[in-house]
Amino acid sequence: MQSRFEPVALAHACRLINHGPTVLVTSRHGEKRNIMAAAWSMPVEFSPPRIAIVIDKATFSRELIAASGHFGVCIPAASFVQETYAVGSVSGREGDKFERFGIASFDGPVLGVPLIEDGAAAWMECRLIPEAHTEDAYDTCFAEVVNAAADPLAFNGGHWQFSDANAALHTLHHLGAGNFVVAGKVISAAKPASLDV
């Protein structure tokens, strides 16, 4: 598969989720794979890039991640809202959600996790950092980002580029009950005046 995505420097990888988008967590162990939506993820370290993501211990995804030690994080675009809601509404124990919802995937180049580009603005391959207490008590998983890529129409030069021209690639932000808002208008602050007297 020829990818339109370009590599993202690991120093900028945490910016892919810094603005709080809904993400799709992908996982695989052996022949089993899964994809689920998650609304709670965030960067926790820049170098090396590390993230935290809430994945309920009862989910099929957590089972696969615990067994394999890695997962993918795909940032769905506005054009992928139906699929995002669908994969977050049913369990992977009921069958392969990639097949069920017609989601094309490919194997990540570093960890081999299933990743998506059609309908996504970016993706990351993540290696689980075992933290038994936070995983058990708070369903929070920590991971190191080992590889990342993004559609250059949406993320370029280490920054998100939202405009009317790339509206289909704007990121989704879950409000609950199947309702989302999309990232959109960018406003820029002026540099503050010097505080020197």
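Values in this document were obtained by computation on a predicted structure and should not be read as measured data.

Undergrad: Before we move on, could you go through the side chain of Thr-84 and cite the residues and values that matter?
TA: Summarising the element assignment, Thr-84 is placed in helix α2 (residues 81-87). Discounting residues that sit within four places of it in the chain, Thr-84 has contacts with Thr-22, Leu-24, Ala-37, Pro-76, Leu-172 and Phe-180.

Undergrad: I'd like a description of the side chain of Thr-134, backed by residues and values.
TA: Position of Thr-134 among the secondary structure elements: in helix α4 (residues 132-138). At 3.2 Å, the side chain of Thr-134 and the backbone oxygen of Glu-131 are in polar contact. Beyond its immediate chain neighbours, meaning those up to four positions away, Thr-134 contacts Asp-139, Thr-140 and Phe-142.

Undergrad: Residue-level account of the environment of Met-36, with values.
TA: Locating Met-36 in the fold gives a position in strand β3 (residues 32-38). Between the alpha carbons of Met-36 and Ala-9 there is a distance of 26 Å; along the sequence they are 27 residues apart. Every residue in contact with Met-36, bar those within four places of it in the chain, is listed here: Val-23, Leu-24, Val-25, Ile-55, Thr-59, Ser-61, Val-87 and Lys-97.

Quick notes on the rules
- Residues numbered from 1 in each chain as written.
- Predicted model: local features only at pLDDT ≥ 70, side-chain atom pairs only at ≥ 80, totals over all residues.
- Heavy atoms only, no water.
- Helix = DSSP H or I, 4+ residues; strand = E, 2+ residues; numbered from the N terminus.
- Contact = heavy atoms within 4.5 Å.
- Polar contact = N/O pair within 3.5 Å; in protein donor to acceptor, adjacent residues only side chain to side chain.

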